[in-house]
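Spelled out, the chains give:
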Amino acid sequence: MQRITTSSSPFTLLQQRLKYVSLQPERPWNVWVENVPQWEKQSPIAQFEFPLVSEYAPCEGYPFLLDAIRNRENGKYGMQLEQEQILVTNGALHGLSLIFRSLYRPNAIALCQAPILGSIATILKSYGYKIKYFTSHQGELDIEKLKSECANSDVRLLYINTPHNPTGDILSQNALSQLVEMVQRQGINLVADMIYDSFTFDGAQSFTPLSVTPFWRNVYTVNSMSKNYGSPGLRIGWVISDPENIRSMAGFFEQECVAICGIAQKQAQLLLEHGNQDLVETIAKRKKYVESRLSSFKDIKYVIPRGGTQFYVELPVDDIDLFADYMLVNYSLAITTISNYQGGKGSYVRIPTVYPIETTHAALDLLAEGIKHFCLNYTMSS
């Protein structure tokens, strides 16, 4: 079987497959790798004023966008957020990078909810962190085990992702309360990545650690327009924390980026004010379709996600990345595997719920056919 990816490349296996696609534009590719929600129609962003091009924005973000973010968070979580508790960033990854860099100390350990997106693990390691992993189950954590881990004086931060990418698990309010109490007692930092918090299903609800304590000195949340509002091209994210933390990170930000594009900030404001209810309902319908289709697959394993924009599915193959290469070469289908993450194991693929049903229908048909023939060919060849 043809393997088209290699671990020696500077690019992830996913990027290597996308580069393979780009080199053969004449082929009718089915690129099924994203977990960015797609609007049914063009994203409803109104017109903006061009004078924003001719000036640098404030490094913390324009007041009009800070207001829109504040209204969004206050409305969703019943908080009393103020502008000085918000920092506009160049997407969520930039926000996480600023937090990780500001918190680093020599020999620091980061406790991370696994699996973790590979790029986030790479950022942590590049700053010098050693990563240890923990998992959640149905919204709960082994808090006693985490307390034992946090007793290590080198533990600097604890990273969570809720709803989780790729499992879709949503940490309960009780779990968040326990975490906040623990980190405040131990004097470490809690970083909550909440970029999917609009997408919860079947009565589930997302919670923020900011609502369980009035003291935010060692609590941070990160969010973005990319996933919650289907607008990755804006490159707009935000961090919420104590004003002193925000000022410190804004200083880093000004030195390396000066400011975020004013036009993108205006578009983000208009989209926040428009709201994303149509998008959320669209993704819920697409999730139900994927759920109904996956129920007919044989020998796969998955848990129906409570949140997020993907299913995390274990396939009956031994080498998941050989399978992904096989699907690309033989079926023109590009998929995302567990190699996009760190801290997990198994033959998992990410099944997105963000594409139109017609696209998903075709991709699932190809996936079913590919599993059947791969298993047959692989067994025969071995």
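The protein chain goes by Beta-methylarginine biosynthesis bifunctional aminotransferase in an unreviewed UniProt entry, where it is assigned to Paenibacillus sp. SYP-B3998. A UniProt comment under Cofactor (unreviewed entry) is attached to the protein chain, and it reads "pyridoxal 5'-phosphate". The heading Sequence similarities (unreviewed entry) in the UniProt record of the protein chain holds the text "Belongs to the class-I pyridoxal-phosphate-dependent aminotransferase family."

A.B. asks: Sorry, what's going on with the domain arrangement of the protein chain here?
C.D. replies: By a frequent convention, interface size equals the accessible area lost on bringing the separate parts together. As far as domains go, the protein chain holds domain 1 (13-40 + 277-378) and domain 2 (63-274). A straight line from the C-alpha centre of domain 1 to that of domain 2 covers 27 Å. In this assembly, 24 residues from domain 1 lie in contact with 32 residues from domain 2. Carbon and sulfur atoms make up 61% of the area that domain 1 and domain 2 hide from each other, which totals about 2,300 Å². Joining domain 1 to domain 2, the criterion identifies 3 salt bridges.

A.B. asks: Quick question: what am I supposed to make of the packing of aromatic side chains here?
C.D. replies: What describes a pair of aromatic rings is the distance from one ring centre to the other and the angle between the planes of the rings. Tallied over the full model, the rule gives 10 aromatic pairs. Here the aromatic rings of Y62 and F64 are separated by 4.9 Å at their centres, their planes lie at 15°, and the arrangement is stacked. Classification of F64 by relative accessible area gives partly exposed; the value is 21%. Relative to Y331, the ring of Y326 has its centre 6.0 Å away and its plane inclined at 55°; by these criteria the two rings are tilted. Using a relative accessible area of 17% as the deciding quantity, one classes Y331 as buried. Three or more aromatic residues link up through ring pairs in this structure, and these residues are F100, Y104, Y129 and Y159. The side chain of R101 reaches across the aromatic face of F252, ending 4.7 Å from its centre. K266 extends its terminal NZ or CZ atom over the ring of F64, reaching a point 4.7 Å from the ring centre.

A.B. asks: Looking at this structure, I do not really get the packing of helix 2 (residues 63-77) against helix 9 (residues 262-274). What am I missing?
C.D. replies: Helix-helix packing is described using two parameters, namely the angle between the two axes and the distance between the axes. Where helix 2 contacts helix 9, the axes come no closer than 9 Å and their chain directions differ by 30°. By the angle class used here, helix 2 and helix 9 are roughly parallel. Like other packed secondary-structure pairs, helix 2 and helix 9 cross with a definite hand, here left-handed. Seen from helix 2, the contacting residues are F64, L65, A68, I69 and R72; seen from helix 9, they are G262, Q265, K266, A268, Q269 and L272.

A.B. asks: Would you mind showing me how to read the pattern of salt bridges here?
C.D. replies: When the charged atoms of two side chains lie near each other, side chains of opposite charge can form a pair. Counting across every chain of the model gives 19 salt bridges. A salt bridge links D325 to R17, with the shortest nitrogen-to-oxygen separation between them at 2.8 Å. Linking D325 in helix 11 (residues 320-331) with R17 in helix 1 (residues 13-22), this pair joins segments that are 308 residues apart in sequence. Of the two residues, D325 and R17, both sit in the buried class. Notably, a salt bridge pairs R72 with D197, separated by 2.8 Å at the nearest N-O pair. With R72 in helix 2 and D197 in the loop between strand 7 (189-193) and strand 8 (219-224), the pair connects residues that are 125 residues apart, well separated along the chain. The buried category is assigned to R72, whose relative accessible area is 11%. Residue classification places D197 among the buried positions, given a relative accessible area of 0%. In the salt-bridge network here, residues are joined through shared partners; they are D202, K287, K288 and E291.

A.B. asks: Looking at this structure, how should I read empty space enclosed by the protein?
C.D. replies: In this approach, a probe sized like a water molecule rolls over the atoms, and the result shows the empty space that is left. Here the structure, examined in full by the defined rule, presents 1 cavity of 30 Å³ or more. Put simply, the largest cavity is a space of about 50 Å³. If you go around the largest cavity, the residues you meet are E73, Y77, M79, M194, D197, T208, L210, T221, V222, N223, W238 and I240. Taken together, the elements giving at least two residues each to the lining of the largest cavity come down to helix 2, strand 8 and strand 9 (237-240).

A.B. asks: What should I look at first to understand the environment of Q186 in this one?
C.D. replies: As for its placement among the helices and strands, Q186 is situated in helix 6 (residues 173-186). With 31 residues separating them in the primary sequence, Q186 and V155 have C-alpha atoms 9.4 Å apart. Sequence-distant contacts of Q186, that is, excluding residues within four places in its chain, are made with K147, C150 and A151.

A.B. asks: Sorry if this is basic, but what is going on with the pairing of strand 15 (residues 348-352) here?
C.D. replies: Counting buried residues in strand 15 gives 5 out of 5 residues, a clear majority hidden from the surface. Here strand 15 shows two buried faces, one formed by Y348, R350 and P352 and the other by V349 and I351. Here strand 11 (residues 310-314) pairs with strand 15 via 5 bridges, running antiparallel. Paired with V313 across the two strands is V349, which belongs to strand 15.

A.B. asks: Would you mind going over the sheet that holds strand 6 (residues 155-161) with me for this structure?
C.D. replies: In a beta sheet, neighbouring strands are held together by backbone hydrogen bonds and run either parallel or antiparallel to one another. Strand order in this open sheet of 7 strands is 2-9-8-7-6-3-5, and the pairing throughout is mixed. The sheet terminates laterally at strand 2 (86-89) and strand 5 (130-134), the two strands that pair on one side only. With strand direction ignored, the average angle separating the axes of adjacent strands in the sheet is 20°. As paired elements, strand 7 and strand 8 share 4 bridges and run parallel to each other. Following the sheet pairing, A192 is matched in strand 8 by T221. On the sheet, helix 4 (residues 118-127) packs against strand 3 (109-113), strand 5, strand 6 and strand 7 and is oriented at approximately 140° with respect to strand 5. Of the strands in this sheet, strand 3, strand 5 and strand 6 touch helix 5 (residues 143-150), which is tilted by about 150° from strand 6.

About the criteria used
Every chain begins its residue count from 1, and numbering advances along the sequence as written. Restriction of local features to residues with pLDDT of at least 70 applies here, the model being predicted, together with a cutoff of 80 or more for giving and counting side-chain atom pairs; totals for whole chains, interfaces and linings are based on all residues. Hydrogen atoms and water are omitted, and side-chain values are computed over all heavy atoms in the structure. UniProt positions are given in the numbering used here, feature names are shortened, and annotations may be inferred rather than shown by experiment. What counts as a domain boundary in this text is fixed by an automatic or database domain assignment. Whether two residues touch is decided by their heavy atoms; if any such pair falls within 4.5 Å, the residues are in contact. Defined in terms of a 1.4 Å probe, buried area is the accessible area two parts forfeit on being brought together, summed over both. A pair is scored as a salt bridge if a Lys or Arg side-chain nitrogen falls within 4 Å of a carboxyl oxygen belonging to Asp or Glu. Stacked, tilted and edge-to-face are the three classes assigned to paired rings of Phe, Tyr and Trp, where Trp is represented by its six-membered ring and a pair needs centres within 6.5 Å; plane angles under 30 degrees give stacked, over 60 edge-to-face, the rest tilted. Each residue is assigned to one of three classes by its accessible area relative to the maximum for its type, calculated with a 1.4 Å probe on protein chains only: buried under 20%, partly exposed between the two thresholds, exposed over 50%. Ring-over charges, as used throughout, are those where CZ of Arg or NZ of Lys falls within 6 Å of the ring centre and within 35 degrees of the ring normal. Axis lines are fitted to C-alpha atoms, over the contacting stretch for helices. Their N-to-C directions set the angle, which ranges from 0 to 180 degrees. Starting at the N terminus, helices and strands are each numbered in turn, a helix being any DSSP run of H or I of at least four residues and a strand any DSSP run of E of at least two. For this classification, under 35 degrees means roughly parallel, over 145 means roughly antiparallel, 65 to 115 means roughly perpendicular, and everything else is oblique. Should the near helix be turned counterclockwise from the far one by less than a right angle, the crossing is left-handed, whereas a clockwise turn marks it as right-handed. The way it works is a 1 Å grid over only the protein atoms, where trapped points that fit a 1.4 Å probe form a cavity and open points with protein on both sides within 12 Å along at least five of seven lines form a pocket, and then any residue with an atom within 4 Å of a point lines it. Grid points are joined across faces, edges and corners, and a volume is the space filled by probe spheres set on the points. A pair of strands is treated as paired once DSSP finds two or more bridges between them.

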